[in-house]
Amino acid sequence: MQDELLHLCADDVRQKIIEEVESTGVLGLMCDEARCFKEEQMTVCIRYTVGLDLFERFLGFIDTSEKQDADSLYCHILKYFKHFNLTKAQIVAQSYDGANVMAGKFNGIQAKIKNTFPYAIFTHCMAHRMNLVIMDMCKHLKVNMKKTATLGKANDIIKGVIQSLKEARSNEGLNEIWKNIQSFAEKYNISFEMSYEKERSKRKRYESNLLQGFVLSTTTGAEFQSTESDSVETHFRVNAYFKILDAVIVNMEKRFSTESLQMASAVDNFLKLNFNESKFFIEHYQDLLGISKQDLRSEMTVAKNCIESSCDKNDFKLEHIKKYVSKQVYPNLYKLLQVAITLPISSSTCERSFSAMRRLKTWLRTSMLQNRFNTTSILNIEKDITVKMLSDSIQ
């Protein structure tokens, strides 16, 4: 009896989500995997809009303990969508971590999803990419994105961070930090010791003779050779400050290349109603949505003039677009805005579902069946829908 009640409540919540997705017709897919005791669970989450309001929702967990290859996971996702009658909606974007089985260009899930849904562009989760940058940076050391964030906002932040780090990589930037370090050390009576004083007996790695006389563009296995004439500041500059900044800048430019951010840049320009600079995004979804480029250009021009007449040109935000753009007056622009907002920038909603998973499936509940686990999960994670439905039914 209890299982039946849970199942009915979960079905109502899930049906509410499906109805919202069908009203828009497009969605973004987010998946991730995690281990729960002896089971391998894959979470399925979706991102969609209702009007121009953004939602990220959890659909359920899939037990993938038997096989975790790309073909099996892809089949699980398709079966899950068919089971809940979500095949009518078009997947326009997908976001996973960087594992080969998920992000593989030829045989990964993203490639297989794209074969079925050709407009489903893949975004490598920005949070996972940033984590990889930090991991690469930490190799040189010897000692939040909100749900409502858009791909365009992420592009701005990433470019801004890279530019700020490049500007900080200078003697002026070091001098400013070094003064703070010295004042902190004096205040708490901390003395500096050079690493060569502690590691005099340790064998040092030198540059190969074959590389002598060459200007190197990448790091090698050689270590910086501190001498007794070096000051603490010089040692810190070479072994810590410049070394760490170089690692961060190089890896951010590699992980967030111009090519990988092409769509993000186009979306950013589209949200600024810049038609010419957003053609990559417009042309990608033009056929799917039946957009007339000529009509769209006119709509974007009129909407931009209306918004700029009522607010500062330099303070152009998505909230202003939502206020002035309606489906009846700007049909082409409205459709593309829904898609632009739907594109996911990370799979953080999947990570949040794993937190709930570990709260629900404790070691005392390891024998819980998959069906009951899914019903309790969606009722817990999407409690805002549950509470609203309960209050509506009481009224």
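Here, every reference points to the structure presented above.
Values in this document were obtained by computation on a predicted structure and should not be read as measured data.

> Help me out: how do you make sense of the nonpolar core in this one?
General note: in soluble globular proteins, nonpolar side chains tend to be found buried as a group. In this structure, Ile 17, Leu 27, Leu 29, Phe 81 and Ile 113 are the most contacted members of the largest nonpolar core, which totals 46 residues. At seven residues, the largest contribution of residues to this core is made by helix α2 (residues 70–83). Setting aside its immediate chain neighbours within four residues, Leu 27 contacts Val 21, Ile 46, Arg 47, Tyr 48, Phe 81, Leu 86, Ala 89, Gln 90, Ile 91, Val 92, Ala 93 and Thr 342.

> In this structure, what is going on with helix α15 (residues 348–360)? I would like to understand it.
Since the α-helix advances by 3.6 residues per turn, residues separated by three or four positions end up pointing in the same direction. The end-to-end C-alpha separation of α15 is 19 Å, in line with the 18 Å expected for 13 residues at 1.5 Å each. Listing the buried residues of α15 in full gives Ser 348, Thr 349, Cys 350, Ser 353, Phe 354, Ala 356, Met 357 and Leu 360. On its buried face, α15 sits against β1 (26–36), β2 (39–50), β3 (53–63) and α16 (370–381).

> I keep staring at the sheet that holds β1 and nothing clicks. Help me out?
The pairing of strands in a sheet happens through backbone hydrogen bonds and is either parallel or antiparallel. On the basis of which strands lie adjacent, the open sheet formed by five strands has the order β3-β2-β1-β4-β5 and mixed pairing. Edge positions in the open sheet fall to β3 and β5 (121–124), since each of these has one partner strand only. Direction aside, neighbouring strands of the sheet carry axes that sit 25 degrees apart on average. As paired strands, strand β4 (residues 90–96) and β5 are joined by four bridges and run parallel to one another. For Tyr 96, the partnering residue across the bridge sits in β5 and is His 124.

> Would you take a moment to explain the packing of helix α10 (residues 262–271) against helix α11 (residues 279–289) for this structure?
Helix-helix packing is described using two parameters, namely the angle between the two axes and the distance between the axes. Taken N-terminus to C-terminus, the directions of α10 and α11 make an angle of 100 degrees; their axes are 7 Å apart at the nearest point. What the angle tells us is that α10 and α11 run roughly perpendicular. For the pair formed by α10 and α11, the contact residues are Gln 262, Met 263, Ala 266, Val 267 and Phe 270 on the first element and Phe 280, Phe 281, Ile 282, His 284 and Tyr 285 on the second. Looking at the contact of α10 with α11, its residues break down into eight nonpolar, two polar and no charged.

> Would you explain the pattern of salt bridges in this entry?
When charged atoms on two side chains of opposite charge get close, those side chains can pair. Within this structure, the stated rule accounts for 13 salt bridges. The residue Asp 3 makes a salt bridge to Arg 372 at a minimum N-O spacing of 2.3 Å. Since its relative accessible area comes to 27%, Arg 372 is described here as partly exposed. Among the salt bridges present, the one from Arg 57 reaches Asp 384, with a minimum N-O distance of 3.0 Å. In this structure, a network of salt bridges that share partners links the residues Arg 57, Glu 382 and Asp 384.

> Help me understand the packing of aromatic side chains in this model?
Each pair of aromatic rings is reported with the distance of its centres and the angle of its planes. All told, the structure shown has twelve aromatic pairs when counted by the stated rule. When the centroid spacing of 5.8 Å and the interplanar angle of 25 degrees are considered together, the rings of Tyr 96 and Phe 122 count as stacked. One end of the pair, Tyr 96, is in strand β4; the other, Phe 122, is in strand β5, with 26 residues separating them in the sequence. Since its relative accessible area comes to 24%, Phe 122 is described here as partly exposed. Through successive ring pairs, a cluster of aromatic residues spans Phe 58, Phe 61, Phe 354 and Phe 373. Arg 169 extends its terminal NZ or CZ atom over the ring of Phe 242, reaching a point 4.4 Å from the ring centre. Looking at Lys 361, its charged tip hangs above the ring of Phe 373, at a distance of 4.9 Å from the centre.

> Would you take a moment to explain α11 for this structure?
Looking at α11, one finds that the buried residues are Phe 281, Ile 282, His 284, Tyr 285, Gln 286 and Leu 289. Looking at the buried side of α11, the elements it contacts are β1, β4, β5, α10, α12 (293–308) and α14 (331–342). Positive phi shows up at Gly 290, right after α11, with a value of about 65 degrees.

> Would you explain the side chain of Arg 47 in this entry?
By the secondary structure assignment, Arg 47 is in strand β2. Residue classification places Arg 47 among the buried residues on the basis of a relative accessible area of 0%. Within the local environment of Arg 47, its side chain forms a polar contact with the backbone oxygen of Thr 342, the two atoms lying 3.2 Å apart.

> Looking at this structure, how should I read the packing of helix α1 (residues 2–24) against α16?
Contact geometry of α1 with α16 gives a least axis separation of 9 Å together with a crossing angle of 55 degrees. By the angle between their directions, the pair α1 and α16 is classed as oblique. Considering the relative orientation of α1 and α16, their crossing is left-handed. Contact residues: Gln 2, Asp 3, Leu 6, His 7, Cys 9, Ala 10, Val 13, Arg 14 and Ile 17 in α1; Asn 371, Arg 372, Asn 374, Thr 375, Thr 376, Ile 378 and Leu 379 in α16. Split by residue class, the contact of α1 with α16 holds seven nonpolar, six polar and three charged.

Basis of the calculations
- Residues numbered from 1 in each chain as written.
- Predicted model: local features only at pLDDT ≥ 70, side-chain atom pairs only at ≥ 80, totals over all residues.
- Heavy atoms only, no water.
- Core = buried A, V, L, I, M, F, W, Y, C linked by side-chain atoms within 4.5 Å.
- Buried < 20%, exposed > 50% of the residue type's maximum accessible area, 1.4 Å probe, protein only.
- Helix = DSSP H or I, 4+ residues; strand = E, 2+ residues; numbered from the N terminus.
- Contact = heavy atoms within 4.5 Å.
- Expected span 1.5 Å × (residues − 1).
- Pairing = 2+ DSSP bridges.
- Axes fitted to C-alpha atoms, helices over the stretch in contact; angles between N-to-C directions.
- Parallel < 35°, antiparallel > 145°, perpendicular 65-115°, else oblique.
- Nonpolar A, V, L, I, M, F, W, Y, C, P; charged D, E, K, R; others polar.
- Salt bridge = Lys/Arg side-chain N within 4 Å of Asp/Glu carboxyl O.
- Phe/Tyr/Trp six-rings, centres within 6.5 Å; stacked < 30°, edge-to-face > 60°.
- Lys NZ or Arg CZ within 6 Å of the ring centre and 35° of its normal.
- Polar contact = N/O pair within 3.5 Å; in protein donor to acceptor, adjacent residues only side chain to side chain.
- Left-handed = near helix turned anticlockwise from the far one by under 90°.

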